[in-house]
Amino acid sequence: MSGTPCGGCGAMLASGIRLCHDCTTTLEYHLEQTVDVWANLQITLERRDVGAASVGLGGAASAVEPLNLDAHDIGYTLQTILTGWAQHIPAMRPASTQPHILATWMRQPAQIKLIRGMDWAADLIGELEESLNKCREATDRSLERISLGHHSTECPGKVRAIAGARWGRCTECRERFEAATQHQWMISEAWHVTAPLPHIIRALRTLHVFVKPKDAENWAARHKLISCISDDGAKTYQLKQVYDVHQTMVAKRERVAAQTKLKKQARLDAQPIAA
Ligand SMILES: [Zn+2]
Ligand SMILES: [Zn+2]
């Protein structure tokens, strides 16, 4: 059989194609994320310039790694990776060397098509993913960590992901998990898991349970949801409880709608029939 293997996963592909459909989706995902990650990094750097003298002095017990003074270097690495590979794409490039501009350009179908033919396509994915994760950890948003439950009965670690990242890792053995898959598992198995409201709403969304943030805030304010306080002082809620309240509210809403409809029907029926 003639053909070339996918640089990412080794699947055999038609001759000259170096990236399978799945690995291409991964690349597109990382390029899309680059825009957000870069923006967050810039915000973090700006804030720091404004006088975050105490940055990095968090206690040793802090779960969050000290906010590095090398966020600049990390951002520069991302820029270098993108400008470097962009030069190898045989197409008209944007004049800018800004990561978000280059990533947006690379994500266009014409460029993706060219990249899929390059023997370095998988290297780009690997380097980009590693660099984006470092950027995420260096930004203030790294505080937004999602807990994805315990690893397994064999490993005492917990699976954690940074909000928005595709992969999470076990805190002990460092095994990697796809965040979305782990979310699904968390919802079906680990109902006791607690997290800040926005994270729970996001997690439930992956199961097609759509809770409006305003509603959830309302339930919390009316003590339909009981909050816990996590180590870092943030309010967290139980996933199962949010789900239960949502189901109750949906049922109630349906009941009210049905009653309104019946009453309306009754009023119409009670009207004398016009001759
Ligand atoms: Zn592949
Ligand atoms: Zn583990």
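Above this text sits the structure in question.
Residues numbered from 1 in each chain as written. Chains lettered and ligands numbered in written order. Predicted model: local features only at pLDDT ≥ 70, side-chain atom pairs only at ≥ 80, totals over all residues.

*Asks:* Account for the packing of helix 2 (residues 71–86) against helix 3 (residues 99–106), with residues named and values stated.
*Replies:* As a packed pair, helix 2 and helix 3 sit with axes 9 Å apart at the nearest point and diverge in direction by 40°. When the axes of helix 2 and helix 3 are compared, the pair comes out oblique. For the pair helix 2 and helix 3, the sense of crossing is left-handed. Between helix 2 and helix 3, the residues in contact are Leu78, Gln79, Leu82, Thr83 and Ala86 and Pro99, Leu102, Ala103 and Met106, respectively. Across the contact of helix 2 with helix 3, the residue classes break down as seven nonpolar, two polar and no charged. (Axes fitted to C-alpha atoms, helices over the stretch in contact; angles between N-to-C directions. Helix = DSSP H or I, 4+ residues; strand = E, 2+ residues; numbered from the N terminus. Parallel < 35°, antiparallel > 145°, perpendicular 65-115°, else oblique. Left-handed = near helix turned anticlockwise from the far one by under 90°. Contact = placed C-beta atoms within 7 Å. Nonpolar A, V, L, I, M, F, W, Y, C, P; charged D, E, K, R; others polar.)

*Asks:* Before we move on, can you summarise helix 3 with the specific residues and values?
*Replies:* For helix 3, the set of buried residues is Pro99, Leu102, Ala103 and Met106. Relative to the axis of helix 3, the buried residues are bounded by an arc of 100° and lie together on one face. (Buried ≥ 20, exposed ≤ 12 C-beta atoms within 10 Å, placed from the backbone. Arc of directions from axis to C-beta.)

*Asks:* Can you tell me about the environment of Trp167, naming the residues and giving the values?
*Replies:* You can see Trp167 is positioned in strand 5 (residues 167–170). Residues Trp167 and Glu178 lie 11 residues apart in sequence; the distance between their C-alpha atoms is 4.6 Å. Contacts of Trp167, omitting those with residues within four sequence positions, involve Ala161, Arg176, Phe177, Glu178 and Ala179.

*Asks:* Account for the pairing of strand 9 (residues 235–238), naming residues and giving values.
*Replies:* Note: strand 7 (residues 194–195) against strand 9, two bridges, orientation antiparallel. Following the sheet pairing, Thr194 is matched in strand 9 by Gln238. Bridge count between strand 8 (residues 227–229) and strand 9: three bridges; the pairing is antiparallel. In the sheet register, Cys228 faces strand 9, and the bridge partner there is Thr236. In this antiparallel pair of consecutive strands, strand 8 and strand 9, the connection spans five residues, and Gly233 shows a positive phi of 90°. (Pairing = 2+ DSSP bridges.)

*Asks:* How would you explain the sheet that holds strand 9 if you had to name every residue and give the values?
*Replies:* Here we have three strands laid out as an open sheet, ordered 7-9-8, and antiparallel in their pairing. Either end of the sheet is taken by a strand with one partner, and the two such strands are strand 7 and strand 8.

*Asks:* Can you explain the nonpolar core? Please cite residues and give values.
*Replies:* Ranked by internal contacts, the top residues of the largest apolar core, which has 26 residues, are Ile125 and Cys135. Put simply, the parts of the chain that give this core at least two residues each are helix 1 (21–49), helix 2, helix 3 and helix 5 (121–138). Ranked by residues supplied to this core, first place goes to helix 5 with eight residues. Those residues in contact with Cys135, other than ones at most four positions away along the chain, are Val37, Leu41, Ile74, Gly75 and Leu78. (Core = buried A, V, L, I, M, F, W, Y, C linked by C-beta atoms within 7 Å.)

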